[in-house]
Amino acid sequence: MASSSSSGNPIPAPEAVQVLVSLLGDESHVVKGASMAALRDIAAINPPLVLECCCTVSRGGRRRFGNMSGLFQVMASAVRALEKRDVDPPFMAKLAKIATAEIISSKELNADWQRAAAGLLVAIGSHVPDLMMEEIFLHLSGPNSALPAMVQILADFASADVLQFTPRLKDVLSRVLPILGNVRDAHRPIFANAFKCWCQASWQYSMDFPSTSLLDADVMSFLNSAFELLLRVWATSKDLKVRVSAVEALGQMVGLITHAQLKAALPRLVPTILELYKKDPDVAFLATCSLHNLLNASLLSENGPPLLDFEELLVILSTLLPVVCIHNDSREQSDFSVGLKTYNEVQHCFLTVGLVYPVDLFMFLLNKCRLKEEPLTFGALCVLKHLLPSKRPLLIEAVTLLLDERSLGVRKALSELVVIMASHCYLVGPSGELFVEYLVRNCALSDQESNVLENSKEVIRSNSNYHGFQYKRLEVKSGAVCLTELRSICEKGLLLLTITIPEMEHVLWPFLLKMIIPRAYTSAAATVCRCISELCRHGSSYANTMLSECRARSDIPNPEELFARLVVLLHNPLAREQLATQVLTVLYYLAPLFPRNIYLFWQDEVPS
């Protein structure tokens, strides 16, 4: 690389790079950003050159160069870009000492330049892990203010490079365990997070290399000792951050400790996790992740029978049901990712229990539905969507009892469950028609029925069995299910039943013709007519049979009544959902059903 000076003389590449490095300390953020971008581009082509120039500037640390964060970020990019043949261990050791010297020079924690220095060390570890870790180990003994930062670097390294870190786990634990008992409360979350990362790395390594076991007796002894300390001391701390971080770590450790130790820990560990749901809804995701791991380790272990009976799981399941309700609303964009992840983790917890106790779990959910308490009913319906049981009659009976529920949240969950039941051929005969009419009824909702929202909120306020934070979030959740959303779900559901589930044809036809007549269902007429048109179009090859079915059933409106109702519906051509178009299409398909004089009139006069 070469450039030109103002006098026209070429500037050697190292000098050009040095200029860019010096610009990292410029007062202008624009200049800093531009120089960093340029250096990273150069580092991808010639990483040794960039490292040499950065190393020269780094002498003197933050006192001489004001943007050590940017400098370390560029150096980390250059180290990651190095080819194996270009890795010089003595030079890597020099860079590692520069980074650690900066970290230990301050009692600050988590400053931007510290994070950047840690990133450089992690990058060095990807090439020479033993060299980097030995540099870290030098600062892991005695009363050292840099201990938390060093432990955090080892955690970052475990997350970044499982393959390099996990074989060295024993060396890490042998140095960290002796100092673990003296860690102050302020630093415990960092150490707990490190154990979480280390256990995640070990678990990932065992999945990638199942034939290679690195958890020998020494490692297991270290993990068991750390587990006991976190469970008995850190998880009972008065500091919420310490408790949450300890539970996160314990949730990763349960899959690695011995079966006997896990069994002994359950009476203390389960209440500790559940207690977090009472404090703050924002930690629900972290608690649920740990709970999911705990259920997997306790119920699905290959080392013996389940460690928890279903009766012992009841308190867990009862705690999780309201959490389903709180975090189900995907329209809360600010918490979308966390809310969705929490909802999914809760479903995974129920799925795990269902694999071991399918009948017991189904009866538990049905009983919650029968209580008709909105949080429990809503949560149970959401779970049943994912765990459709084989006991079809019991489920149909329980769902039928909920068809008169006024709560919009419950009606939404119930409508979604009905569609899923249909896709599994649960809707047959008269009960199938009952559920189809339920969808039509909700398709006919009008905006004037907004008073239902208030009724829903009153139900929640009157329910005093849940913790305070759940009142507030649950009220927001139910209020967020507006009539338009419920109507849309039912309209799409009815169309799905018609178009994608062939087995539903015998339920929908000719039953949907009955849904045209009631005045209460006028707002659903466009959707109903579209479904009828789809049925007729799909069954055009046996249209005579379909028409015969209409005439054979005494409960289906007679042709004159149908014709009159459809013509009345045409009075408003601009009605929503293209009502007029849908009605005309139905009249076209049903023409052979009407008296011959009407049919001829329709065929000859109307088109003209």
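Rules used in this analysis
- Residues numbered from 1 in each chain as written.
- Predicted model: local features only at pLDDT ≥ 70, side-chain atom pairs only at ≥ 80, totals over all residues.
- Heavy atoms only, no water.
- Helix = DSSP H or I, 4+ residues; strand = E, 2+ residues; numbered from the N terminus.
- Buried < 20%, exposed > 50% of the residue type's maximum accessible area, 1.4 Å probe, protein only.
- Areas by Shrake-Rupley, 256 points an atom, 1.4 Å probe, with all protein chains shown as cover.
- Polar contact = N/O pair within 3.5 Å; in protein donor to acceptor, adjacent residues only side chain to side chain.
- Axes fitted to C-alpha atoms, helices over the stretch in contact; angles between N-to-C directions.
- Left-handed = near helix turned anticlockwise from the far one by under 90°.
- Contact = heavy atoms within 4.5 Å.
- Nonpolar A, V, L, I, M, F, W, Y, C, P; charged D, E, K, R; others polar.
- Salt bridge = Lys/Arg side-chain N within 4 Å of Asp/Glu carboxyl O.
- Phe/Tyr/Trp six-rings, centres within 6.5 Å; stacked < 30°, edge-to-face > 60°.
- Lys NZ or Arg CZ within 6 Å of the ring centre and 35° of its normal.
- pLDDT = per-residue confidence, 0-100.
- Expected span 1.5 Å × (residues − 1).
- Disulfide = S-S within 2.5 Å.

1. Focus: the overall build of the protein
Thought 1: Counting its regular elements, the protein contains 32 helices and two strands.
Thought 2: Burial analysis of the protein (608 residues in total) assigns 51% to the buried set.
Thought 3: Carbon and sulfur atoms make up 54% of the accessible area of the protein, which totals about 27,800 Å².

2. Section: the side chain of Ser407
Thought 1: Inspection of the secondary structure assignment puts Ser407 in the loop between helix H20 (392-400) and helix H21 (408-423).
Thought 2: Residue classification places Ser407 among the buried positions, given a relative accessible area of 6%.
Thought 3: At 2.8 Å, the side chain of Ser407 and the side chain of Glu374 are in polar contact.
Thought 4: A polar contact is formed between the side chain of Ser407 and the backbone nitrogen of Val410, at a distance of 3.3 Å.

3. Overview of the packing of helix H18 (residues 358-371) against helix H19 (residues 374-386)
How two helices pack is summed up by the angle between their axes together with the distance between the axes.
Thought 1: In the contact formed by H18 and H19, the axes pass within 8 Å of each other and the chain directions differ by 145°. The two elements H18 and H19 meet at a crossing, and its hand is left-handed. Contact residues: Phe362, Leu365, Lys368, Cys369 and Leu371 in H18; Leu376, Thr377, Ala380, Leu381, Val383 and Leu384 in H19.
Thought 2: A class-by-class count of the residues in the contact of H18 with H19 yields nine nonpolar, one polar and one charged.

4. Describing the environment of Thr56
Thought 1: You can see Thr56 is positioned in helix H3 (residues 47-58).
Thought 2: Thr56 sits in the partly exposed class, given a relative accessible area of 42%.
Thought 3: Once the C-alpha coordinates of Thr56 and Val21 are considered, the two residues, 35 residues apart in sequence, prove to be 9.8 Å apart.
Thought 4: One polar contact links the side chain of Thr56 to the main-chain carbonyl oxygen of Glu52, over a distance of 3.0 Å.

5. Examining the pattern of salt bridges
Once the charged atoms of two side chains with opposite charge are near each other, the side chains can pair.
Thought 1: In this structure the tally under the stated criterion is 15 salt bridges.
Thought 2: In this structure, Asp218 and Lys170 form a salt bridge, with 3.7 Å as the shortest nitrogen-oxygen distance. Residue Asp218 is found in helix H12 (residues 217-232), and its partner Lys170 is found in helix H10 (residues 169-180); the two are separated by 48 residues along the sequence.
Thought 3: Assessed through its relative accessible area of 42%, Asp218 is described here as partly exposed.
Thought 4: For Lys170, a relative accessible area of 29% corresponds to the partly exposed category.
Thought 5: Taking the shortest distance from any N to any O, the salt bridge between Arg553 and Asp555 comes out at 2.7 Å.

6. Some details on the packing of aromatic side chains
Thought 1: Taken as a whole and judged by the stated rule, the model has eight aromatic pairs.
Thought 2: For the ring pair Phe310 and Tyr357, a centre distance of 5.8 Å and an interplane angle of 65° mean the geometry is edge-to-face. Taken together, the residues Phe310 in helix H16 (residues 310-326) and Tyr357 in the loop between helix H17 (336-356) and H18 connect sequence positions 47 residues apart. In terms of burial, Phe310 and Tyr357 fall into one category: buried.
Thought 3: The aromatic ring of Phe137 is capped on one face by Arg175, whose charged end is 4.1 Å from the ring centroid.
Thought 4: Over the aromatic face of Tyr426 sits the side chain of Arg392, whose NZ or CZ is 4.8 Å from the ring centroid.

7. So, the environment of Leu20
Thought 1: Secondary-structure assignment places Leu20 in helix H1 (residues 13-23).
Thought 2: When neighbours within four sequence positions are excluded, Leu20 is seen to be in contact with Ser35, Ala38, Leu39 and Ile42.

8. Here's the deal with unusual backbone geometry
Thought 1: Cis peptide bonds are those with omega within 30 degrees of zero, and the linkage from Trp509 to Pro510 qualifies with 0°.
Thought 2: At Lys372, a position not held by glycine, the phi torsion is positive, near 55°.
Thought 3: Tracing the backbone through its elements, the reader meets Lys372 in the loop between H18 and H19.
Thought 4: With relative accessibility at 36%, the residue Lys372 sits in the partly exposed group.

9. Notes on the confidence of the model for the protein
If pLDDT is low for a region, its predicted coordinates should not be looked at in detail.
Thought 1: A residue-level look at the protein finds 87% of positions with pLDDT of 70 or above and a mean pLDDT of 85.
Thought 2: No element of the protein has a lower mean pLDDT than helix H24 (residues 468-480), which averages 38, and none a higher one than helix H13 (residues 240-253), which averages 96.
Thought 3: Below pLDDT 50 for its whole length, residues 1-11 participates in 13 contacts with residues either more than four positions away or in separate chains.
Thought 4: Below pLDDT 50 for its whole length, residues 450-479 participates in 53 contacts with residues either more than four positions away or in separate chains.

10. A closer look at helix H5 (residues 89-104)
Thought 1: Its 16 residues give H5 an end-to-end C-alpha distance of 22 Å, which sits within 8% of 22 Å, the value for a rise of 1.5 Å per residue.
Thought 2: Among all positions of H5, only Phe91, Met92, Leu95, Ala96, Ile98, Ala99, Thr100, Glu102 and Ile103 are buried.
Thought 3: Against the buried residues of H5 lie H3, helix H4 (68-81), helix H6 (112-127), helix H7 (129-137) and helix H8 (147-160).

11. Points about the environment of Ser446
Thought 1: Note that Ser446 resides in the loop between helix H22 (429-443) and helix H23 (451-462).
Thought 2: Sequence separation of Ser446 and Ala524 is 78 residues, and the distance between their C-alpha atoms is 9.6 Å.
Thought 3: If we skip the residues at most four places from it in the chain, Ser446 touches Leu483 and Arg487.

12. Re the state of the cysteines
Thought 1: Under the definition given, this model contains zero disulfides.
Thought 2: Cys54 supplies the cysteine sulfur nearest to Cys55, a cysteine that is in no disulfide, at a spacing of 8.7 Å.
Thought 3: The class for Cys55 is buried, based on a relative accessible area of 2%.
Thought 4: Unpaired in this structure, Cys369 has its nearest cysteine sulfur neighbour in Cys382, at a distance of 10.0 Å.
Thought 5: The class for Cys369 is buried, based on a relative accessible area of 3%.

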